[in-house]
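Each chain, written out:
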Amino acid sequence: AAVDSGELDANLGRGPVVVVGGETVLAQSKAIERFFARMLGLMGEDELSAAAVDAFTEHVRDLKEKYQRARGAGGAERERALADFYGQTLPDFLQQLEKTVAPGGHVVGGRLSLADVTLYQTFTDYFDDPAKAAAAMLGCPRLLAAFDAVESHPRVKQYMAGRKQTRL
C-alpha cells in the first residue's frame with residue numbers, strides 16, 4: 001500500500017522514510033539517524049564536532065562492512081573468516097578507533113552524542129557473538145568509557161529494562 005500510494009517515493013520505493021504531518025520529508029536510514037540526532041542535540045555542539053560525530057559513525061559503518069564480509073563467507077571459510085574477524089580484524093580496528101576518541105568519557109566533545117550511541121548499539125545488538133566483540137574492546141579504555149556512559153544513562157537503562165525481546 002505504501003509503495004502504491006507513493007509514500008516511499010522519496011526512498012526509491014523502499015523504507016525507511018520519515019513521514020511528518022502526512023508528508024514524506026526524509027529517506028535513507030543514515031540521513032534519518034542524523035536528522036533525529038540533530039533534533040535531540042546529539043550531533044555535537046558545533047559544526048566541527050558534528051563532523052567528528054559523523055566521521056566516527058562512518059568508521060563504525062566501515063567496521064560493520066568488514067564484519068558482514070566475514071559473516072557472508074560460505075562453509076568452512078565462514079568459520080575461519082569470523083575467527084579472523086573477532087581475533088584480529090576487530091581488535092586491530094578498535095585500537096585504531098580508540099585513537100579518534102577524545103578523553104573524558106564520550107567519543108566527541110565530552111558529552112553524549114550519536115557517536116556514543118552508535119558504539120553502544122553496535123556492541124549490544126549487532127554482532128552474533130557479543131562476548132567476543134566485547135573482549136576485543138577491553139584494551140580500549142576510551143571506547144569502554146563511552147560505551148559505559150551510554151549503558152549507565154538513566155533513560156537507556158530504563159529503555160533496556162523494558163525492551164521487548166524479539167527474534168530480530
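Scroll up for the structure.
Residues numbered from 1 in each chain as written. Predicted model: local features only at pLDDT ≥ 70, side-chain atom pairs only at ≥ 80, totals over all residues. Heavy atoms only, no water.

Engineer: Quick question: what am I supposed to make of the side chain of Thr118 here?
Structural biologist: Tracing the backbone shows Thr118 in helix H5 (residues 114–126). Accessibility expressed as a relative area gives 7% for Thr118, which makes it buried. The residues touching Thr118, leaving out its near neighbours within four places in the chain, are Thr57 and Val60. (Helix = DSSP H or I, 4+ residues; strand = E, 2+ residues; numbered from the N terminus. Buried < 20%, exposed > 50% of the residue type's maximum accessible area, 1.4 Å probe, protein only. Contact = heavy atoms within 4.5 Å.)

Engineer: What should I look at first to understand the side chain of Asn11 in this one?
Structural biologist: Tracing the chain through its elements places Asn11 in the loop between helix H1 (2–5) and strand E1 (17–20). According to the relative accessible area criterion, Asn11 is buried, its value standing at 3%. With residues up to four places along the chain from it excluded, the contact list for Asn11 reads Pro16, Val17, Ala27 and Gln28.

Engineer: What exactly am I supposed to notice about the environment of Gly139 here?
Structural biologist: Structurally, the position occupied by Gly139 is in the loop between helix H6 (130–137) and helix H7 (141–151). In this structure the C-alpha to C-alpha distance between Gly139 and Pro91, which are 48 residues apart in sequence, comes to 8.3 Å.

Engineer: I'm lost on the packing of helix H4 (residues 75–98) against H6 in this one. Help?
Structural biologist: The description of two packed helices rests on the angle between their axes and on the distance between the axes. Close contact between H4 and H6 brings their axes to 8 Å; oriented N to C, the two are set at 45°. Here H4 is positioned oblique relative to H6, judged by the angle of their axes. Judged by the sense of rotation from one axis to the other, the crossing of H4 with H6 is right-handed. Here Tyr86, Leu90, Pro91 and Leu94 of H4 come into contact with H6, specifically with Lys132, Ala133, Ala136 and Met137. For the contact of H4 with H6, the class distribution of residues is 7 nonpolar, no polar and 1 charged. (Axes fitted to C-alpha atoms, helices over the stretch in contact; angles between N-to-C directions. Parallel < 35°, antiparallel > 145°, perpendicular 65-115°, else oblique. Left-handed = near helix turned anticlockwise from the far one by under 90°. Nonpolar A, V, L, I, M, F, W, Y, C, P; charged D, E, K, R; others polar.)

Engineer: Looking at this structure, how should I read the environment of Phe56?
Structural biologist: Looking at the secondary structure, you find Phe56 in helix H3 (residues 47–71). With a relative accessible area of 2%, Phe56 lands in the buried category. Each C-alpha atom, one on Phe56 and one on Val107, is 8.1 Å from the other, the two residues being 51 residues apart in sequence. Leave out the neighbours within four places in its chain, and Phe56 touches Leu97, Thr100, Val101, Val107, Ala115, Leu119 and Leu143.

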